[in-house]
Amino acid sequence: MLILTWKITLMKIGSIKTVLWSKASKVIASPYFILLAATILCYFDVATFQHPLKWDIIDLDLPLRYFVSDCIQNGIFPYWNPYQSCGYPNYAIPITWYPTVWIFSLMGHYGIIALTVDFLLHIYIAGIGMFLLARRFGYSDTTGCILGICYLACGFFVGNAQHFGWVIGAAWIPFLFAYFMDFSKNPKDINNHLKLILVSYFIATGAYPAIIFLSGYIVLFMAIYYCLKHIQEQGYKGFLTYSSMLLILSLFICIISLIAIVPTLQSLDVVNRDMSLDYLLHHLPQPVRGMISLMLPYAVIGDNDDWTTIYDFFGTDANSMMNVYFGLFTLFFFAIAVFKKKNAIHRIFLYTGFVYLLACFPHKLPIREFMIRYIPTMDLFRIPSVYRLFFIIACLAIAGIALDGFIKTKNNKRLINIIATVALVSMFTLSMFSFHKTSITWQHIAIQSIIQCCLIGVFILFNNQEKIPIKYWLVGLVLIDLSVATQMNGGGTIFHKPNTTTKVLQNETSFPKTQYPATNEKPIIATKGHGFSHYWRNTNTFMKDFSAENYSPYYLKSFTDFEKNDLLYKETLDNNIAFLSTNVFATKSVKDTALYSNDIVFADLPNFEKYSPAENDSTRAIEYLIAQPDQFEMKTSANYPQILTLLQNHHKGWHAYIDGNEVPVYIANISFMAVEVPSGNHYVHFVFKNNLIVTLSIISLVSFLICVLLLLFNTGKKTILSIKNTFI
């Protein structure tokens, strides 16, 4: 009896193991799991926290996100950042309202770990987005998985890993196209509306503006096509239904994105940006030689950030702006698919992708200049190399045509063998030629050529065998291809090899997190850098030091004008955050440098007679009570009337109160704020208020939550079952 019971128990255990293994196999074979594995494998040094991300994502994005998290942790609305360039309206930067920034901020201070996880999350999102877009084109899940791997590790993400706004925009663009196709096919389905509204909000608040504008034109072309299609299939009634739904959708997208749109429009008049035609055309274009990265991505990377070698070969030292790699084998399939029959959406992607590619070369072709002159919004962004993103998306979408046919029925097997053989011979010849060169770039070309030869050779071997199914060996080979390419380029454009994430993490132990110091009691001009490992710009935000330093494209025009006056810059910033003075002159006297001293104030006051430099009161003093991002409060004492200058840029959101009574705020020394303070002891309070921004943030937040809840409610059991079938 015991033996029988034991046998039955063993059988049950065996059956349980079989079920568990079956379920585990399904999870491992799931495209979502494969894309997650691809994200970790391709970005292994970052994903395992061995090496930190580098350049702009550390110097620009991390301080901004840290500031928002610090405000949230201290119960302060993130209106104003006082620690860079003597203050700027932080609320006017759309990323302030991006969901992941707030999610991580609510969990704690946004540091290097949060930044790394956030970055990897968007890489993974990018892969899923391309997978879903592939489904909309009718491709198999295997094809979609391959395209997803190629996209999440393509040259745009690898090259521009330092530009988080580029990464975020590129991550969500495939979702935008996929959900717009869903909406256009069934405009009455509310779920299609909700998905598009949410994705549009992610793009509006997180993406680099160029990506918003460029994708907008592709969506416009798609909308025109679907309008014509509805007329053809359903007559003008169908057109009216579609266009009215499109109008309603656009309205709701605008409503949820108000917190990004309105502040941006408000700041256009006060933000300084070099938008001259020459700058727009020639600032970081795509070099023609950089197109070699279509097959040899390692060629565009120098050793240890060797800018001279890169410049000598490519004519630019911006190695992050050149990489257009999207996979060796997908390039083969793209070459075949270009000549195959394509539907209208394929053609829209293909034509716009190639036009955008041509716009990457403004120094060679007039396409970019034509766009700037005649196409709306094309003059609102710099860096022409951003166009290459849409070329990569177009190539992957088109490559899917031939790739899907090859996977399903082995179409073009002989043709793909011929292309692969030609590529193999070409790569081998190029490697032999390159080995005789002494340039680092040519050596990289040789190394990458040998690697590509090996990959192509393996591809040809697998393509001529029948035992192992295509979907297994091709996915594996593509994953090896992209992970090798990403790892080889990673040290150049993604992560910083000399440093470890653990070492960088130690910086955060020095950051004051729980309270705001009243003031740092040292001249503004002196607060530059804090000797941190890996952090070397905008560090004042971490340490809550008021500073004129700022590494950011976001500069107020008034502060830029102030910086141009070198002598006034030095004299004015040789003060603490606020100072008292009777040395006051009209603004028109600012050109008279003989008047300059560290307590000089140039401001257009109603009455200058009561202020005399001779009445330099030695007893005047300031006692700081509050000095935090949205308000400054101080107690002043003086025997004579004084001008109190606050070294924060003048902005319409600031209000000043003396002993509880609001007083006028004047522009002092070109860019700063000043108030008239009577003699005696007084409380002076500067407060930043903008009720419109608070209202818009509430509208956007409520709209966002309603959309999420409605989407979850409407999908209901269908969503749960879909997740269960995918992951269990």
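Scroll up to find the structure this text is about.
The following refers to the structure shown. Because the structure is predicted, anything quoted here is derived from the model rather than measured.

Basis of the calculations
- In every chain, residue numbers begin from 1 and rise along the written sequence.
- Local features are withheld for residues below a pLDDT of 70 in this predicted model, meaning they are given only at 70 or higher, and side-chain atom pairs are given and counted only at 80 or more; totals for whole chains, interfaces and linings count all residues.
- For side-chain calculations, the full set of non-hydrogen atoms in the structure is used, while hydrogens and water are omitted.
- Think of it this way: DSSP has to see at least two bridges between two strands before they count as a pair.
- Secondary structure follows DSSP: runs of H or I at least 4 residues long count as helices, runs of E at least 2 residues long count as strands, and numbering of each begins at the N terminus.
- Lines fitted to the C-alpha atoms define the axes, with helices restricted to the stretch that makes contact. Angles between their N-to-C directions range from 0 to 180 degrees.
- Any angle that falls under 35 degrees is termed roughly parallel, while one over 145 is termed roughly antiparallel, one within 65 to 115 roughly perpendicular, and all others oblique.
- In this scheme, a crossing is called left-handed if the near helix is turned counterclockwise away from the far one by less than a right angle; it is called right-handed if the turn is clockwise.
- A contact between two residues is defined here by any heavy atoms of the two lying within 4.5 Å.
- We call Asp, Glu, Lys and Arg charged. Ala, Val, Leu, Ile, Met, Phe, Trp, Tyr, Cys and Pro are nonpolar, and the rest, Gly among them, are polar.
- Any two rings among Phe, Tyr and Trp, with Trp reduced to its six-membered ring, count as a pair given centres within 6.5 Å; such a pair is stacked if its planes are under 30 degrees apart, edge-to-face if over 60, and tilted if neither.
- Relative accessibility under 20% of the residue-type maximum defines a buried residue, over 50% an exposed one, and the middle range a partly exposed one, all with a 1.4 Å probe and only protein chains included.
- A positively charged side chain is recorded as over a ring if its NZ (Lys) or CZ (Arg) lies within 6 Å of the ring centre. The angle to the ring normal must also be within 35 degrees.
- Two N or O atoms form a polar contact when they lie within 3.5 Å of each other; inside protein one atom must be a possible hydrogen donor and the other a possible acceptor, and for residues adjacent in sequence the pair counts only when both atoms belong to side chains.
- Definition used for salt bridges: Asp or Glu carboxyl oxygen within 4 Å of a side-chain nitrogen of Lys or Arg.

Backbone hydrogen bonds hold the strands of a sheet together, and the pairing may be parallel or antiparallel. As summarised here, the arrangement of the 5 strands in space is S8-S9-S15-S11-S12, forming an open sheet in which the pairing is antiparallel. The open sheet is flanked by strand S8 (621–628) and strand S12 (661–663), the only strands paired with a single partner. Within this sheet the neighbouring strands show an average axis-to-axis angle of 25°, counted without direction. Pairing of S8 with strand S9 (residues 631–638), which is carried by 7 bridges, proceeds in the antiparallel orientation. If you follow Ile622 over to S9, its bridge partner there is Thr636.

Their axes nearest at 10 Å, the elements helix H11 (residues 209–256) and helix H16 (residues 344–359) cross at an angle of 150°. Looking at the two axes, H11 sits roughly antiparallel to H16. Seen from above, H11 lies across H16 with right-handed handedness. Residues Leu214, Tyr217, Ile218, Phe221, Met222, Tyr225 and Tyr226 of H11 touch H16, and the partners they reach there are Ala344, Ile345, Ile348, Phe349, Thr352 and Tyr356. Here the residues of the contact of H11 with H16 are counted per class, giving 12 nonpolar, 1 polar and no charged.

Okay, the packing of aromatic side chains next. Under the defined criterion, the tally for this structure stands at 63 aromatic pairs. An angle of 40° between the planes, with centres 5.1 Å apart, marks the rings of Tyr79 and Phe688 as tilted. Of this pair, Tyr79 sits in the loop between helix H4 (56–73) and strand S1 (80–81) while Phe688 sits in strand S15 (residues 680–688); the two residues are 609 residues apart in sequence, bridging distant segments of the chain. Here Tyr79 and Phe688 have matching classes, each one buried. Summarising the aromatic geometry, the rings of Trp172 and Phe175 are spaced 5.2 Å apart at their centres and angled 50° between planes, so their arrangement reads as tilted. With Trp172 and Phe175 both in helix H9 (residues 164–185) and 3 residues apart, this pair spans about one turn of that helix. With respect to class, Trp172 is no different from Phe175; both count as buried. Among the aromatic residues, those joined into a cluster by ring pairs are Phe67, Phe77, Tyr79, Trp80, Tyr83, Tyr91, Trp97, Trp102, Phe546, Phe632, Trp654 and Phe688. Positioned above the aromatic ring of Trp55, the side-chain terminus of Lys54 is 4.2 Å from the ring centre.

What follows concerns the side chain of Lys544. Counting through the fold element by element, Lys544 comes out in the loop between helix H23 (539–543) and strand S4 (555–556). Only 3.2 Å separates the side chain of Lys544 from the side chain of Asp70, close enough to count as a polar contact. In this structure the side chain of Lys544 is engaged in a polar contact, spanning 2.3 Å, whose partner is the backbone oxygen of Pro512. Sequence-distant contacts of Lys544, defined by excluding residues within four places in its chain, comprise Asp70, Tyr83, Pro512, Lys513, Gln515, Tyr516 and Pro517.

Now for the pattern of salt bridges. Overall, the coordinates contain 10 salt bridges when judged by the stated rule. The shortest N-O distance in the salt bridge between Arg136 and Asp182 comes to 2.8 Å. Residue Arg136 is located in helix H6 (residues 112–136), and its partner Asp182 is located in helix H9; the two are separated by 46 residues in the primary sequence. Overall, Asp182 belongs to the buried group, its relative accessible area being 17%. With its nearest N and O atoms 2.9 Å apart, the salt bridge here joins Glu466 to Lys410. Residue Glu466 is found in the loop between helix H20 (440–463) and helix H21 (470–493), and its partner Lys410 is found in the loop between helix H18 (388–409) and helix H19 (413–434); the two are separated by 56 residues along the sequence.

Such coordinate-based values are descriptive only and should not be taken to indicate function.
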